[in-house]
Structures are given as C-alpha cells and as structure tokens.
Amino acid sequence: MTGFLTLLRREIVRFLKDAIDTIAPPAVAIVLFLLVFGVGLGPRLGEVHGMPYIQFMTPGLLLLAIARNAFLNPAYSLFQSRWFGNIADFLVSPLSLEQIALAIILGGVARGIFVGALVVGAAWVLTGLVVAHPLWTLAYALAAATAFAGLGCLVGLWTRGWEGVGAIDTFVLDPLVMLGGVFYSLEMVRGIPIIEPLTALNPFTYITEGFRAVVLGGAPSHALIGFGLTMGLGVIFVGASLVLFRVGYHLKA
Amino acid sequence: MRAPAIVLEHLRKIYGKLIAVDDLSLEIQKGEFFGLLGPNGAGKTTTINAIVGLVKPTSGRILVNGLDAARDYRQVHRWVGIAFQELILDGSFLNVREILVYQAGYFGIPPRRAGPQADRLLRKFGLWEKRSAKVQELSGGQKRRLVLAKALVHDPEILILDEPTAGADVEMRLQLWEMLQELHSQGKTILLTTHYLEEAERLCERVGILYRGRLALLGAPEQLARQHGQAHLEEIFLELIRSERS
C-alpha cells in the first residue's frame, strides 16, 4: 500500500506545486463566468425554471470544473511521464500495473474535487449558493470526477503527442459541455433545429441535470438517471484504463 | 557453483522486421559481476529492458531468482534495481532528495525509512550539497550519480546498469568503478552493459558479447583472450566483427 500511496501523493503534489498552471486557470475561468452571469448580467437575464439564471447555471459550472480538472490531470501527467520516460520509475517498481493506473486516476479525482471545492466557495461568496444535499452532491461529484479521470487516463495512454490531450479537450470535452446543459436545459431548446438533437443525444446533458437536482434540490428522477449514467461511464473508462495498463498498451515495447 | 540470479531462456524480441534479440540463452550467477557487451544495436538494452518488464519478449522466458519475470514481476522488481542509460529523472517538480524519497516509496519503503535512506545515498554519492536542487541544476556527472543512487534506493540484490559511465570523464569513471566494485564486494549481483571494453575487463568476472541480437561469445575476459590469442577484449571484439562481416 505504501507504493500506491506514494504514487497517489506524487500525482497530488504535482498539481499543487504547479498550481499556477493547473488549478488557477480553470478556477479563474469559472469565477469569471459567475461574475459575468451572476453579479453582472444576472439580474437582466430573468428566471429559468423558476430560479435566477445564475442559480440555474452554477451547478453546471461546478460540474464543468470538476470534470475538466479530473480529466486534465491524468491525461497530462501520464503523457508527460511517457514522453519524458519517467513512467519507467513506476513500471520497474513492485507496483502492479493496475495500481499505477488507479493512483493516476485518483490523482485526477483529487484535483477535480479540490477545484470543485474552490468553485463552491467562490459561488457561495458571489451568488450565495447553498448546497441542498451535501452528501449526495459529494457522491455525485466523486462519481463524475472518477469517470472523467478515467477518460483522462485513456487519453494520456493513447496520445502520441502533446496536441492529443488538447485536441480531446477542445473537440470532445468542450462540445460536450457547451451542448450539455450547463448554460441551458433541454426544455429550453425544444424545437430548435440541430441544438435540440445534439443536446438530447449528449450524455453530459443528463449528468448535468442530475447534478443540478442534487445541488439545488430538484427532481430525484433527474438525479438518479444522471448519477447512473455517470457511474456507468466511470465503470467503462476506469475499466478500460485498467485493461490497457495490464496489457502494457503504449507502456511496454 | 552459485545459484543463478538471472536466467534467459531462448529470449527473442522482434520489432517489425528487425530481430533485436535472437534466441538468447544465458545464466548470470548470484553475486556475479557480468558484462553484456556489443556494438550499438546489438540488443543489450532490449535484453535488460526485458528483464525489468519494459519490453515484452516475442518468445522465450526470463527467470529471476527462479521466478518468471513476466508472471511474478512484482516480486522480481523488489529484487532488481536498474540504472538506465538515459538520464531519466522525475525532476519537473521534485528536488534531488524528493526524487530518491519518492522512488523508495514506490518500492514500499515508508517515509520514516525512505528519508534516512535517501540521505545516506546522497552523502555516499556526493550529492548532499545538491539535495534541494532541481535536476536541471545538476551537472551530467551528478545526474549520472543520482540515477545510480535511485537504482540502489531499495537496496536491491541485483543491480542492472545500462552504460553507467557513458559520457563520464576519466575521474568520474574511476569513481563509479570504485563504487561498483564496493557494491559487488557486498554480494550484489551486477549486470552491466558497456561500450568500454576496458571497463568490462577491469570489473566483470564474465562477459557476454552480443552481435546482431545473438550471443557471439561468452566467458571470463582473460579466458576469452587466451582462447583467441589476443591480449584484450577489444581485439577479440574487432576480430568478431570482421569475421561476421566477411
């Protein structure tokens, strides 16, 4: 267990020591969203589903912060270790290949939750956010962070260049989020060509709606569907990461 | 007769059309200082990377202290320390001491023991003054010593060194030779790859010369010299290359 905990500590220390590059940019971006849409434009945007727009949007922004940070940490850490060759430090140790994968994924979960906590604090100060179901919210956040950290681990294994991680972030994660109910609900885009089907087919939409329900105290059915979907994606991404580590995909010649 | 520490049985590694290691069978005894020699591309690094699990053999088997290196890799890794030829160091955010403490941790050594162990190695390898420095601040020689210290941080009984003195100046090479001789005298099994035939003659009890992935010669340096009527390994080596090319 010492080996596993050491590697997990390395993954956490990596993003904490490099906070200006890792934690600050996404946290600042989310705080700017809150400032612009909450403190700034908020009063002029009216209500959405019976609540101020900023209140509607905040859970989505929180989920976005958790998901993106959980994704980026393993993706960059793993690829960086492969690129510079120091992945060998772990591979020649008595750590099992699965332990290495799990420690890298949990490092991503830690970063997602850490940045999520910062965003909750900022949202409380700027918008007066009060989480309706703290334990459910924490469980949901952990599940989402695990799923996206698993995806990040897969990308960190798969990519052959630095641009690979950025490409997935820009061409997969960004569209998923922008068309995934962070800024609007599925109900709000009914009948709008292209946007409605893209939103309806996007799993992030249901994950966001579920998360909004546990943060703000909405319909339990939304929460269950979203939570189940998040758990399912987590099992797929983490499971695939473990399998690829076990076979040494892009790790062993 | 000592028991074998490392056994290679018909090891073969093929990359596409390139046969990097070709039916290599070899035994290295416990406590032996063994040199794996050969020109660039002979298969030396592929062979040692296969022993520590970084290369998957196409066929054949590797045993370390009697255990299958592929199946029982976790136990095998506890026994083996490796210093790579490339100065690969996890130095983007860790300082010199932290690199050793973390490496010890990966091998299951708890922090209360990892710190003193790192400090002991830092003093032994003349890196104590640099303990808080980043890797980028080290000279080539200091990096080379840190790589060796890292390989020893879990006190392995088998030490694998891939070109440990590559790029080192004469003084540093002599220092490293003394360190390796001291480690050998403590009973460690040492597998060394090198281009420097003088190094092999001076340090190794036996050498194996690889050529195009195959084991071309095997024996004690003086025995090989006698058999081939040459004074030094270098002459035997040149004779071998000439005969293979003709």
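Residues numbered from 1 in each chain as written. Chains lettered and ligands numbered in written order. Predicted model: local features only at pLDDT ≥ 70, side-chain atom pairs only at ≥ 80, totals over all residues.

## Some thoughts on the overall build of chain A
Then comes step 1: Each helix and strand counted, chain A has 12 helices and 2 strands in total.
Then comes step 2: Sequence-ordered secondary structure for chain A, helices as α and strands as β, is α-α-α-α-β-β-α-α-α-α-α-α-α-α.
Then comes step 3: In terms of overall dimensions, chain A is globule-like: its C-alpha atoms have a radius of gyration of 18 Å, near the 18 Å expected for 253 residues.
Then comes step 4: Dimensions along the principal axes, computed over C-alpha positions, put chain A at roughly 60 × 35 × 30 Å.
Then comes step 5: Taken across its 253 residues, chain A has 50% of its residues classed as buried.
Then comes step 6: Sequence separation of at least 24 residues holds for 79% of the intrachain contacts in chain A that already meet a minimum separation of 6. (Helix = DSSP H or I, 4+ residues; strand = E, 2+ residues; numbered from the N terminus. Rg over C-alpha atoms; globule rule 2.2 N^0.38 Å. Buried ≥ 20, exposed ≤ 12 C-beta atoms within 10 Å, placed from the backbone. Contact = placed C-beta atoms within 7 Å.)

## Observations regarding the sheet that holds strand β6 (residues 80-83) of chain B
All names here are of chain B.
Then comes step 1: Spatially, the 6 strands line up as an open sheet ordered β6-β7-β8-β3-β9-β10, and their pairing is mixed. Pairing within the sheet leaves two strands with one partner each, and these edge strands are β6 and β10 (214-219). On average, each strand axis in the sheet is inclined to that of its neighbour by 15°, with strand direction left out of account.
Then comes step 2: Bridge analysis of strand β3 (residues 33-37) against strand β8 (residues 189-194) gives 5 bridges, and the strand direction is parallel. If you follow Leu36 over to β8, its bridge partner there is Thr193. (Pairing = 2+ DSSP bridges. Axes fitted to C-alpha atoms, helices over the stretch in contact; angles between N-to-C directions.)

## As for the sheet that holds strand β5 (residues 67-68) of chain B
Where strands meet in a sheet, backbone hydrogen bonds hold them as pairs that are either parallel or antiparallel.
All names here are of chain B.
Then comes step 1: Here 4 strands make up an open sheet; going across it, the order is β2-β1-β4-β5 and the pairing antiparallel. Every interior strand has two partners, whereas the edge strands, β2 (18-29) and β5, have only one.
Then comes step 2: Relative to strand β4 (residues 59-64), strand β1 (residues 4-15) runs antiparallel, the two being bridged by 5 bridges. Considered in β4, the bridge of Arg12 is made with Ser59.
Then comes step 3: Contacts from helix α1 (residues 44-51) reach β1, β2 and β4, with the element oriented near 120° to β1.

## Regarding the interface of chain A and chain B
Then comes step 1: Taken residue by residue, the interface counts 24 residues in chain A and 23 residues in chain B.
Then comes step 2: Elements that contribute at least two residues to the side of chain A that touches chain B include exactly α1 (2-17) and α6 (87-91) of chain A.
Then comes step 3: Top element by residues in the side of chain A that touches chain B is α1(A). It accounts for 8 residues.
Then comes step 4: Grouping the amino acids of the side of chain A that touches chain B by side-chain chemistry returns 10 nonpolar, 8 polar and 6 charged. (Nonpolar A, V, L, I, M, F, W, Y, C, P; charged D, E, K, R; others polar.)

## Notes on the pairing of β8(B)
Residues and elements named next belong to chain B.
Then comes step 1: The buried fraction of β8 amounts to 6 of the 6 residues, a majority that puts the element mostly inside the structure.
Then comes step 2: Residues of β8 alternate between two faces, with Thr189, Leu191 and Thr193 on one and Ile190, Leu192 and Thr194 on the opposite face, all of them buried.
Then comes step 3: Across 5 bridges, strand β7 (residues 158-162) lies against β8 in parallel orientation. For Leu159, the partnering residue across the bridge sits in β8 and is Ile190.
Then comes step 4: Crossover handedness for the path β7 to helix α6 (residues 170-185) to β8: right-handed. (Right-handed = clockwise from strand over helix to strand, strands pointing away.)

## Notes on the environment of B:Val96
Then comes step 1: Among the secondary structure elements, B:Val96 is positioned in helix α3 (residues 96-106).
Then comes step 2: Not counting the four nearest positions on each side in its chain, B:Val96 is found in contact with B:Leu127, B:Lys130, B:Arg131, B:Ala133, B:Val135 and B:Leu146.

## Thoughts on α1(A)
Then comes step 1: Taking 1.5 Å as the rise per residue, α1(A) with 16 residues should run 22 Å; its terminal C-alpha atoms sit 21 Å apart, in good agreement.
Then comes step 2: Within α1(A), burial applies to A:Gly3, A:Thr6, A:Leu7, A:Arg10, A:Glu11, A:Arg14 and A:Phe15. The buried residues of α1(A) occupy one face: seen down the axis, they fall within an arc of 165°.
Then comes step 3: Residues of α1(A) that are buried make contact with α2 (19-22), α5 (53-84), α6 and α7 (97-127) of chain A together with α3 of chain B. (Expected span 1.5 Å × (residues − 1). Arc of directions from axis to C-beta.)

## Side note on the nonpolar core
Then comes step 1: Membership of the largest hydrophobic core comes to 156 residues, with the highest contact counts inside it found for A:Leu61, A:Ile66, A:Val119, A:Ala144 and B:Ile160.
Then comes step 2: In terms of residue count, α5(A) provides more of this core than any other element does, 18 residues in total.
Then comes step 3: With near-sequence residues (within four places) excluded, A:Ile66 lies in contact with A:Gly112, A:Ile113, A:Val115, A:Gly116, A:Ala141, A:Ala144 and A:Ala145. (Core = buried A, V, L, I, M, F, W, Y, C linked by C-beta atoms within 7 Å.)

## Overview of the packing of helix α3 (residues 24-40) of chain A against α7(A)
All names here are of chain A.
Then comes step 1: Direction vectors running N to C along α3 and α7 enclose 25°, while the axes themselves pass 10 Å from each other. When the axis of α3 is compared with that of α7, the two are roughly parallel. Crossing geometry of α3 relative to α7 is assigned as right-handed. Facing Pro26, Ala27, Ile30, Val31, Leu34, Leu35, Gly38 and Val39 of α3, the residues of α7 in contact are Val115, Leu118, Val119, Ala122, Ala123, Leu126 and Thr127.
Then comes step 2: Along the lines of polarity and charge, the residues of the contact of α3 with α7 split into 13 nonpolar, 2 polar and no charged. (Parallel < 35°, antiparallel > 145°, perpendicular 65-115°, else oblique. Left-handed = near helix turned anticlockwise from the far one by under 90°.)

Note that every value here comes from positions in space, so none of it alone points to a role or purpose.
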